[in-house]
Amino acid sequence: IKSSKPFYGFVLNGERLEYHVSIPVVFKDHTVGVLEFVALPDEIFSEMEYINELKGALFVKSNTKKPSHIEGYALQYNSFEAIEIMSELKKNSYRFEPLKHYEFGENQYAFYAFDIADFSGRSAAKAVFINDITKINHKFNVDLVGIVVILVFLLIVLVVTIHLGFKKIIERLDEALSESE
């Protein structure tokens, strides 16, 4: 260990991603050991689901072919309720795009993906968060219909007002023209 400063980051240990926090133990300007804490990112996903109700999956770089293997990454953690989502992702050639929308059955989902880098800065894993946007899209569509109805109503009021205004002006012009004759 070249530094007495703590270092931390993700490490790919076989086909399992781990988060390491290493704290050098220094005695009389000499490093005598290292205190290391290791946590699985699964806990982070569990907390995000508990706090934000955001479901997620963690795919780690892998050379083996597993049923849950996508684009060179194997599934390590998954909090999706339905395994059908995983098979649908494979069917739709999911490529870990930063944002991708899918419809599976009656539901609409937004997938958010990003790289998790190891100590050397290389991609060691892909984190994917999923949000069921079915209710949000339904509310958006209902609100959009409401806005269109209001705009059509305002357009009708505007056209009627302009029509009545021009009608009155034309009547006055006709009266003025007939008085001048």
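Attention in this report is confined to the structure presented alongside it. (Residues numbered from 1 in each chain as written. Predicted model: local features only at pLDDT ≥ 70, side-chain atom pairs only at ≥ 80, totals over all residues. Heavy atoms only, no water.)

### Remarks on the side chain of Lys55
Convention followed: To qualify as a helix, a DSSP run of H or I must reach at least 4 residues; to qualify as a strand, a run of E must reach at least 2; elements of each kind are numbered from the N terminus. Any pair of nitrogen or oxygen atoms within 3.5 Å is treated as a polar contact; in protein, a donor-acceptor pairing is required on top of that, and neighbouring residues in sequence qualify only through side-chain atoms on both sides.
For Lys55, the location among the structural elements is in strand β4 (residues 55-61). Within the structure, Lys55 has its side chain in polar contact with the side chain of Glu49 (distance 2.8 Å).

### Quick word on the pairing of strand β3 (residues 30-39)
Here is the rule: At least two DSSP bridges between two strands are needed for those strands to be called paired.
The sheet contact formed by strand β2 (residues 16-27) and β3 spans nine bridges and is antiparallel. Directly across from Ile23, in β3, lies its bridge partner Leu35. Linkage of β2 to β3, two consecutive antiparallel strands, is achieved through a turn of two residues, within which Lys28 is found at a positive phi near 55°.

### Here's the deal with the sheet that holds strand β8 (residues 107-117)
With respect to topology, six strands assemble into an open sheet ordered β5-β6-β4-β9-β8-β7, the strand pairing being antiparallel. Two strands lie at the open edges of the sheet, namely β5 (69-70) and β7 (99-104), each paired on one side alone. Judged from the six bridges that link them, β4 and strand β9 (residues 123-132) form a sheet pairing that is antiparallel. The residue of β9 that forms the bridge with Phe59 is Lys126.

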